[in-house]
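# Descriptive analysis of the structure
One-letter residues, chain by chain:
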Amino acid sequence: MKNIIFILAAAIMANSELSLAHGEDKAGPNGGFIRMPGAFHTELVLEGKNILKVYLLDMQWKNPSVSKASLQVTFSGKKSTKADCVGNETYFVCTFPKSIDLTTNGKLSVQAKREGEIGSEVTYPTPLKLEATSTEVMDHSKH
């Protein structure tokens, strides 16, 4: 019974405005959009209509790493298309075909692994934007 209550409470919290506490209402350290797939954060920065930079950050939104990392990004609009993602020293560059426009309505799905830690799939609605909260402003002073 305790497990069911815990699972129910976790599901309610995940779908509440409290889930925005991990950055969906504030720009990341590189000016991008944040999600938390697990024990790390992903930050997406739009570099062009079909190009993204993706940073894999620690829990404090710092120390971008591509060590023991992998990344798969898919855009779902009129059709579903995977990006070609290549890592460099601190981030991945993900390039979609020129026919893809990430400023149109759709969804980006991100599956990432950072320093061996596999994250859950996270989604970003496009066009990318910060998610406003209808209640008090979240405290991100520790990020």
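The following refers to the structure shown. (Residues numbered from 1 in each chain as written. Predicted model: local features only at pLDDT ≥ 70, side-chain atom pairs only at ≥ 80, totals over all residues. Heavy atoms only, no water.)

## Some remarks on the pairing of strand S7 (residues 92–95)
Here is the rule we go by: Only protein chains enter the calculation, and the probe is 1.4 Å; a residue is then buried if its accessible area is under 20% of its type maximum, exposed if over 50%, and partly exposed in between. Strands here mean DSSP runs of E at least two residues long; helices mean DSSP runs of H or I at least four residues long; both are numbered from the N terminus. The pairing criterion for strands is at least two bridges between them, as found by DSSP.
Every second residue of S7 is oriented toward a common face, the buried set being Phe 92 and Cys 94 and the non-buried set Val 93 and Thr 95. Here four bridges tie strand S3 (residues 51–57) to S7, and the two strands are oriented antiparallel to one another. Across the sheet, residue Val 54 finds its bridge partner in S7, namely Phe 92. The antiparallel pairing of strand S6 (residues 84–87) with S7 creates a hairpin that spans four residues between the two strands.

## Let's talk about the sheet that holds S7
Heads up, the condition is: Between N-to-C directions, angles span 0 to 180 degrees; the directions come from axes that are lines fitted to C-alpha atoms, helices contributing only their stretch in contact.
Within the open sheet, the five strands sit side by side as S1-S2-S3-S7-S6. Their pairing is antiparallel. What marks the edges here is a single partner per strand, and that holds for strand S1 (33–35) and S6. Direction aside, the axes of adjacent strands within the sheet are offset by 25° on average.

## Digging into the environment of Asp 101
Short version of the rule: Pairs of residues are marked as contacts when any of their non-hydrogen atoms sit within 4.5 Å. As used in this structure description, the phrase polar contact means that two N or O atoms lie within 3.5 Å; if the pair is within protein, one of them must be able to donate a hydrogen and the other to accept it, and residues adjacent in sequence are counted only when both atoms belong to side chains.
In this fold, Asp 101 is placed in the loop between S7 and strand S8 (106–114). Judged by its relative accessible area of 25%, Asp 101 is partly exposed. C-alpha separation for the pair Asp 101 and Lys 49, spaced 52 residues apart in sequence, amounts to 5.0 Å. Not counting residues within four places of it along the chain, the set of residues in contact with Asp 101 comprises Lys 49 and Phe 75. In this structure the side chain of Asp 101 is engaged in a polar contact, spanning 2.5 Å, whose partner is the side chain of Thr 103.

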